[in-house]
Amino acid sequence: MADQSGRFAWYELMTTDVAAAGAFYRKTVGWSMKDESTPDMPYTVLRSDGAALGGLMDIPEEGRKSGATPRWMAYVAVDDLDGTAVQIRRLGGTIFVPPTDTNIGRIAVVADPQNATFGLIKTPIYGRGKPGRLDAPGHVGWHELMAADRTVIFDFYSELFGWQKADAQTDSADLYQLFSAGGQTVGGVLTKVPSVAQPSWLHYFNVEDIGAATKQVNAGGGRILQGPLELPDGCWIARCVDPQGALFALQGARGPAGIEPASASEVGWSAKWGGIASQGRVVLPKPKR
């Protein structure tokens, strides 16, 4: 765990239809699926090239009754789960699920002071190896926090996990703050536009061909909310929603399949949000393939 502490270590999709969601992501991202349920917890593990990276599970009944909707959540590895939970409360965050032993390890579900949700995990049962390449196909290559106020929230994560601000590669650091975990630049933070109702994390899945992957999004019943957009470094990104309603993003090279146009232009926030990247005011260190 020494190599993983403070890093994103596990990704989990809570959804309303595990079988349908699994089929969608298998075709779109190329993940393989394996049922690794326990008597107490139905659970499907996602793998890329044999490496476990996340899981699929049904939204619990109590969650559905309280209005929970399909969503992706990332877990950050910590060495002292109980101590980190105490620290989150001290820093103004919220504990939704207190430290609990589960089928994937000891976890907690929490939120930052601006109410963006994420998970904590100690001694994960899966994915115990050293972190893989950020640009590996099928892996999560970027983590983006849409914050209520980017200028103040980063101190929370810096104190909690030791994350560091990374130098922006343009003169527009006021729009987008890159950050590093364990010495590796892994994501960025921006202030959300008012039409985005809830501060949240968005995770980018690496694909070999952005055109082929976005075609699969549309064919599989999902929607492309924005993009594909070419970033200044030549990488292409698309922000999407799966058939059950969970938000995610794709990133990859433009291949022979061409580019699939956005299928949900009615999403009000997409143009403003995408303007940050599509007009070249942010350069993210995306993989060049």
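Each remark here, short or long, concerns the structure printed above.
Just so it is clear, the structure is predicted and the values come from calculations on it, not from any experiment. (Residues numbered from 1 in each chain as written. Predicted model: local features only at pLDDT ≥ 70, side-chain atom pairs only at ≥ 80, totals over all residues. Heavy atoms only, no water.)

**Student:** Would you take a moment to explain the layout of surface pockets for this structure?
**Tutor:** A probe matching the size of a water molecule, rolled over the atoms, marks out where space remains unfilled. One number sums up the size of the largest pocket: a volume of about 1,200 Å³. Around the largest pocket, the lining comprises 45 residues; the ones closest to its centre are Met 14, Thr 69, Arg 71, Met 73 and Thr 117. Listing elements by their share of the lining of the largest pocket, those giving two or more residues are β1 (8–15), α2 (61–65), β5 (71–77), β6 (94–102), β7 (105–111), β13 (200–209) and β16 (247–253). The dominant element in the lining of the largest pocket, judged by the number of residues it contributes, is β5, at five residues. Tallied by class, residues from the lining of the largest pocket come to 29 nonpolar, 13 polar and three charged. (1 Å grid on protein atoms, 1.4 Å probe; cavity = no way out; pocket = protein on both sides within 12 Å on 5 of 7 lines; lining within 4 Å. Points joined across faces, edges and corners; volume = space filled by probe spheres on them. Helix = DSSP H or I, 4+ residues; strand = E, 2+ residues; numbered from the N terminus. Nonpolar A, V, L, I, M, F, W, Y, C, P; charged D, E, K, R; others polar.)

**Student:** What's the story with the environment of Leu 56 in this structure? I'm lost.
**Tutor:** Of note, Leu 56 is situated in strand β4 (residues 51–58). On the accessibility criterion, Leu 56 (2% relative accessible area) is buried. Leaving out residues up to four positions away in the same chain, Leu 56 has contacts with Leu 13, Val 18, Gly 22, Met 33, Tyr 43, Thr 44 and Leu 46. (Buried < 20%, exposed > 50% of the residue type's maximum accessible area, 1.4 Å probe, protein only. Contact = heavy atoms within 4.5 Å.)

**Student:** It is not clear to me how the pattern of salt bridges should be interpreted in this structure. Could you clarify?
**Tutor:** Once their charged atoms are close, side chains differing in charge can pair, the charge on each being opposite to the other. Enumeration according to the criterion identifies six salt bridges in this entry. We note a salt bridge from Asp 82 to Arg 106, for which the minimum N-O separation is 3.4 Å. Separated by 24 residues along the polypeptide, Asp 82 in helix α3 (residues 81–90) and Arg 106 in strand β7 bring together distant segments of the chain. Classification of Asp 82 by relative accessible area gives partly exposed; the value is 40%. We classify Arg 106 as partly exposed; its relative accessible area is 24%. (Salt bridge = Lys/Arg side-chain N within 4 Å of Asp/Glu carboxyl O.)

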